[in-house]
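Spelled out from the first residue to the last, the chains are:
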Amino acid sequence: MSEKQKNIQPSWQVRTLKVGNRIELRRRWHKRNTPGLTPIAIVWNLISAFWVFLVVPNDADVSLMTWQVLVYVTAGVVMGYYALAWRLNTTRAFVAGTRLLVINLPLPLHAFIAIDARRIIKIEVVRSLNTDRGSPPLHDVVAYTWDGEAHILFRSLDRLEDGKFLMQELEFILGLDGDGKGKRT
């Protein structure tokens, strides 16, 4: 680690681990200050269960009701899945052989990323689109390859310091010099 890396303190959500013979970066998705989609998803799904088992069987117009229930239950399932993902998921980035791998576990939500680490020339923290008015900006950690592709490695970070920490750790692991010109010599 360089001196520059030691000056940036990540939040409780970000950490570096030594797993076997590799270094792994992890970022938990759960945020302490998030009021949570979980209670809303629970109430929504309880209401939809009540509706499916008690109201629909007694209704005469089943065809219209079936479509309404289908839409309502689908929304509840999607909301519940997102609530669980935001509570449980962790993004993990590590180098395996010549590939930089980024996975989200235990529930898949964003795409699995595998990039040839030799193609990466720059890693950068960029401001991402935040649709909530009055909310602080969010940041993404993005890897750029020599052929112009951009890959988002870590999404929607609350703290710029977390993004800078992850960027510097990845530059260190990949042997990048941090100026966008590629590998250190």
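Residues numbered from 1 in each chain as written. Predicted model: local features only at pLDDT ≥ 70, side-chain atom pairs only at ≥ 80, totals over all residues. Heavy atoms only, no water.

Some words on the overall build of the chain
At step 1: Looking only at helices and strands, one finds four helices and eight strands in the chain.
At step 2: Beginning at the N terminus, the succession of helices and strands in the chain can be written as α-β-β-α-α-β-β-β-β-β-β-α.
At step 3: Counting over 185 residues, the chain shows a buried share of 36%.
At step 4: When contacts within the chain are restricted to residue pairs at least 6 apart in sequence, long-range pairs at least 24 apart make up 47% of them.
At step 5: Working note: accessible area of the chain is about 11300 Å², and carbon and sulfur atoms make up 61% of it. (Helix = DSSP H or I, 4+ residues; strand = E, 2+ residues; numbered from the N terminus. Buried < 20%, exposed > 50% of the residue type's maximum accessible area, 1.4 Å probe, protein only. Contact = heavy atoms within 4.5 Å. Areas by Shrake-Rupley, 256 points an atom, 1.4 Å probe, with all protein chains shown as cover.)

Observations concerning the pattern of salt bridges
At step 1: Under the defined criterion, the tally for this structure stands at seven salt bridges.
At step 2: In this structure, Glu24 and Arg26 form a salt bridge, with 2.5 Å as the shortest nitrogen-oxygen distance. The same class applies to Glu24 as to Arg26, namely buried.
At step 3: The residue Arg119 makes a salt bridge to Glu149 at a minimum N-O spacing of 3.3 Å. (Salt bridge = Lys/Arg side-chain N within 4 Å of Asp/Glu carboxyl O.)

Focus on a nonpolar patch on the surface
At step 1: A grouping of Leu37, Ile40, Val78, Tyr81, Tyr82 and Trp86 is seen on the molecular surface, where their side chains present a nonpolar patch of about 500 Å² in accessible area.
At step 2: Sort the elements by how many residues they give to the nonpolar patch and helix α3 (residues 62-88) lands first, with four residues.
At step 3: Note that Val78 resides in helix α3.
At step 4: Residue class for Val78 comes out partly exposed when judged on its relative accessible area of 43%. (Patch = residues over 30% accessible without salt bridge, like charges linked within 9 Å, V, L, I, M, F, W, Y side chains within 5 Å.)

Quick word on the sheet that holds strand β7 (residues 138-145)
At step 1: Spatial strand order, β6-β7-β8: three strands in an open sheet with antiparallel pairing. Pairing within the sheet leaves two strands with one partner each, and these edge strands are β6 (120-128) and β8 (150-157). Going from strand to strand, the sheet's axes swing by 20° on average, the running direction of each strand aside.
At step 2: Relative to β7, β6 runs antiparallel, the two being bridged by eight bridges. Each residue of the ladder has a partner; that of Ser128, found in β7, is Leu138. (Pairing = 2+ DSSP bridges. Axes fitted to C-alpha atoms, helices over the stretch in contact; angles between N-to-C directions.)

Topic: the sheet that holds strand β2 (residues 22-28)
At step 1: The five strands are arranged β1-β2-β3-β4-β5 in an open sheet whose pairing can be described as antiparallel. Only two strands of the sheet have a single neighbouring strand rather than two, namely β1 (14-19) and β5 (113-116). Recorded for the sheet is a direction-independent mean angle of 20° between the axes of neighbouring strands.

Some words on the packing of aromatic side chains
At step 1: This model, assessed by the stated rule, comprises two aromatic pairs.
At step 2: Taken together, a centroid distance of 5.1 Å and an interplanar angle of 50° make the contact between Trp29 and Trp86 tilted. With Trp29 in the loop between β2 and α2 (38-55) and Trp86 in helix α3, this pair connects stretches of sequence that are 57 residues apart.
At step 3: Ring centres of Trp44 and Tyr72 lie 4.5 Å apart, and the angle between their planes is 15°; this geometry places the pair in the stacked category. (Phe/Tyr/Trp six-rings, centres within 6.5 Å; stacked < 30°, edge-to-face > 60°.)

Here we look at the nonpolar core
At step 1: Membership of the largest hydrophobic core comes to 23 residues, with the highest contact counts inside it found for Ile120, Ile123, Val141, Leu153, Phe154 and Leu170.
At step 2: When residues of this core are traced back to their parent elements, those giving at least two are β4 (99-105), β5, β6, β7, β8 and α4 (160-174).
At step 3: If one sorts the elements of this core by residue count, α4 sits on top with five residues.
At step 4: Ignoring any residue separated from it by four or fewer positions in sequence, one finds Leu153 in contact with Thr91, Leu100, Val102, Ile113, Ile115, Val141, Ala143 and Leu170. (Core = buried A, V, L, I, M, F, W, Y, C linked by side-chain atoms within 4.5 Å.)

Regarding the environment of Leu174
At step 1: Structurally, Leu174 can be placed in helix α4.
At step 2: By relative accessible area, which is 8% here, Leu174 ends up buried.

As for unusual backbone geometry
At step 1: The omega angle of the peptide bond from Leu105 to Pro106 is 0°, so this bond is cis rather than trans.
At step 2: If you trace the backbone, Pro106 turns up in the loop between β4 and β5.
At step 3: In this structure, Ser156 is a non-glycine residue whose phi angle is positive, near 55°.
At step 4: Among the secondary structure elements, Ser156 is positioned in strand β8.

Interpretation in functional terms is not warranted from these geometric data alone.
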